[in-house]
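# A look at the structure
Listed here are the chains, written in short residue letters.
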Amino acid sequence: MKIPNSIWTLLIGIVLTLASIWYGQNHGLLPAAATDEAVLVDGLFNAMMIVSTGIFLIVEGVLIYSAFKYRRRAGDNEDGPPVEGNIPLEILWTAIPAIIVIGISVYSFDVYNEIGGFDPHAIHEAPISQQSMKMHGHGSAIAATLSDTPPSTEPNLNQEKSDEAMQDPATAAVRNADQIPQKQNAPGVGIVAPTIGGSPDRAGKPPALRVNVTGLQYAWIFTYPETGITTGEMHVPIGREVDINMTANDVIHAFWVPEFRLKQDAIPGRQSQIRFTPKTAGDYVLICAELCGPYHGAMRASVIVESPEAFEKWQQEQLVASKETLNRAVAVNPANLSPNEFLAPYTKNMGIKPEILHQVHH
């Protein structure tokens, strides 16, 4: 019994649909989803994979079928039939892609709105101010310049160390760039760049945690304004909404954690914002996704998602460590100098300005 073409078409359509849905949900192309927002983005990505897989299988299937069905046979020297057009077919293959594109556009806008990206009236009223800086990776923490002994009386020794360190252009770039504090009333600092704020159900509600992020060649600086902690790695607690306010000191950088499914530019003179809620504990990598110079590939930092208890413990450890460092500096101060005066011999050759020391002290 010969099976009608309509039945074949229906069976092939069912097989292609099932194959597309299965692959769209099991492609394994994305890393683990570590935030609540990542689930929404993954849903959009999976939907696009389903549609793309179906289109790919249909197009490639027709091409392969046509290549075998209508191949040239031996002794066939005639021209093919003069096909001038097929209006219904042209309407069909124009209407279907248009519907697909419109559907994906509406879906993607809905996801963008759900993660808080659509807020045309967002305005920041609290510009970032850097109170202290602790370098991670290429840079050095100011605390690392402290010692249990007074400053060396051999001036050439400090000069040699400085010259040796300055041979590394990456270290020099970080050392110089981090001396540009964000001023409270600087022109343009209060202007908000593209923003991913709070989701609609959290509109108007303050986040559980705020973190100020500064990008500079080639490091990330994280400041927790509620506690004054400044560090080269970011810690965030599970289940608490985090508000990232960021800017850049030199060129455009981009804050990107693949597991968070969020990426936002850090722009000099402007503030950009990302809000997210971590949901999976782990140690993730923050990558600069904007070409920012010759050492761009090394501009990475750790983002540690941990339980609220572990996060509170880490905060206490950071506060205690900062206090102990300052106490050691005062303890070895033989002339009862102010912290600014005492640290000056250690930091002069590093290019750290006195006003930065004043910020660290206070």
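Details of the structure are given in the entry above.
These remarks concern the structure in this document. (Residues numbered from 1 in each chain as written. Predicted model: local features only at pLDDT ≥ 70, side-chain atom pairs only at ≥ 80, totals over all residues. Heavy atoms only, no water.)

Enumeration according to the criterion identifies four salt bridges in this entry. Arg 275 is the partner of Glu 241 in a salt bridge, and the nearest nitrogen-oxygen pair spans 3.5 Å. Placement of the pair is Glu 241 in the loop between strand E5 (234–237) and strand E6 (242–248) and Arg 275 in strand E9 (residues 271–276), with a sequence separation of 34 residues. With a relative accessible area of 9%, Glu 241 lands in the buried category. (Salt bridge = Lys/Arg side-chain N within 4 Å of Asp/Glu carboxyl O. Helix = DSSP H or I, 4+ residues; strand = E, 2+ residues; numbered from the N terminus. Buried < 20%, exposed > 50% of the residue type's maximum accessible area, 1.4 Å probe, protein only.)

A separate point is the sheet that holds strand E7 (residues 253–257). Pairing in this open sheet of five strands is mixed, and the strands run E5-E11-E10-E7-E8 from one edge to the other. Only two strands of the sheet have a single neighbouring strand rather than two, namely E5 and strand E8 (262–266). If you compare each strand with its neighbour and ignore which way they point, the axes differ by 25 degrees on average. (Pairing = 2+ DSSP bridges. Axes fitted to C-alpha atoms, helices over the stretch in contact; angles between N-to-C directions.)

Cis rather than trans, the peptide bond between Gln 217 and Tyr 218 has omega equal to 0 degrees. Inspection of the secondary structure assignment puts Tyr 218 in the loop between strand E2 (209–216) and strand E3 (219–224). Not every positive phi belongs to a glycine, and Arg 261 is a case in point at roughly 60 degrees. Relative to the helices and strands, Arg 261 resides in the loop between E7 and E8. Judged by its relative accessible area of 14%, Arg 261 falls in the buried class.

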